[in-house]
Amino acid sequence: MIRTGTRPGRVVAGITMCLAATVFFASMDSTSKVVMLAGVPTLLAVWARYLVQAVLTTAFVLPMGGPGILRTRAPLMHLVRGLLLATTTVILFVAMHYMPVGEFTAIVLVAPLVITLMAGLFFNEHVSPLRWSLVAGGFTGTLVILRPGGEAFTLAMLLPLVHIAANTAFQLITSRMARTENPLTMHLYTGWVGTLVSSLALPWVWQALEPRQWLYLLIMGATAAGGHFMFILAYRRAPVATLGPYLYAQLGFAVLGGWLVFSHTPDAWSLLGMGLIA
């Protein structure tokens, strides 16, 4: 298993790598929207994203862990975990047709709050009154962004909620598997499960793409792999509890990406909702 260092220098390095991961993931989301606007079929984009990620992850992980990294005690759980993550990816691509990157990212970052809610209600874990109030504040922020019944509300804005459900199940399974599985093994199998499952749809969605479309797909897969690599390195240096709050930096980078790439600036209500969630 990966050991976490406790020296201050290692913790700072872990935080830096965690922030780098949020930059990669925000870049991946922005590139995903570019891919969708470029006319690439959704399932073809999902396949390319996972293929690039799986190949790069394998090239990175095998030298670190050797052939033993392929051993697992839970092949079925790897399959379920990979399917859940692939589901969130499909939802991401579909949502990018209809939603700005920043607002989508803000809503899906409610997932840790959902996990806290489930831990308190169904797993009998102690949740302090302060944490309950923070969970309530996060959900309030989500409602502020969605504004059900408002003029800006569309059914497509419910897609992040489906993403949250799949991501919550993914995170809960991950937390259980982490007790017996090497994180490097988990990352490796996740990429290949996504690749193999999405490959089943290729005969129906394949089409010739322009060079610029292939370039977008390559960038998207590379940023996804880069984000996972940074997380692997971060968790080798700092505890999960220490890194958790820094994951919300992705929200800021997502808003920045939406502004730089798509000239989109969230309105005042969306900014308020994002602030409540973060």
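Just above sits the structure.
A. View of the overall build of the chain. Of the regular secondary structure elements, the chain holds 13 helices and zero strands. When its helices and strands are written in sequence order, the chain yields α-α-α-α-α-α-α-α-α-α-α-α-α. Within the chain, buried positions represent 48% of all 278 residues. A fraction of 87% describes how many contacts in the chain between residues 6 or more apart in sequence connect residues 24 or more apart. Roughly 13,400 Å² of accessible area belongs to the chain as shown, and the carbon and sulfur atoms make up 70% of that amount.

B. Local environment of helix α1 (residues 8–37). Between its first and last C-alpha, α1 extends 44 Å over 30 residues, near the 44 Å set by a 1.5 Å rise per residue. After α1 finishes, the residue Gly 39 shows a positive phi value of roughly 90°.

C. Here's a closer look at the packing of aromatic side chains. In total, this model carries three aromatic pairs according to the counting rule given. For the ring pair Trp 47 and Trp 206, a centre distance of 5.9 Å and an interplane angle of 75° mean the geometry is edge-to-face. Note that Trp 47 is positioned in helix α2 (residues 42–65) and Trp 206 in the loop between α9 (202–205) and α10 (211–235), a separation of 159 residues in sequence. Where Trp 206 meets Trp 214, the ring centres are 5.9 Å apart and the plane angle is 45°; that geometry is what we call tilted. Trp 206 sits in the partly exposed class, given a relative accessible area of 46%. Members of the aromatic cluster, connected to one another through ring pairs, are Trp 47, Trp 206 and Trp 214.

D. Spotlight on the side chain of Gln 250. On the secondary structure map, Gln 250 appears in helix α12 (residues 249–262). Gln 250 sits in the buried class, given a relative accessible area of 14%. With residues near it in sequence (within four places) discarded, Gln 250 still touches Thr 22, Phe 25, Ala 26, Asp 29 and Thr 105.

What counts as what
Residues numbered from 1 in each chain as written. Predicted model: local features only at pLDDT ≥ 70, side-chain atom pairs only at ≥ 80, totals over all residues. Heavy atoms only, no water. Helix = DSSP H or I, 4+ residues; strand = E, 2+ residues; numbered from the N terminus. Buried < 20%, exposed > 50% of the residue type's maximum accessible area, 1.4 Å probe, protein only. Contact = heavy atoms within 4.5 Å. Areas by Shrake-Rupley, 256 points an atom, 1.4 Å probe, with all protein chains shown as cover. Expected span 1.5 Å × (residues − 1). Phe/Tyr/Trp six-rings, centres within 6.5 Å; stacked < 30°, edge-to-face > 60°.

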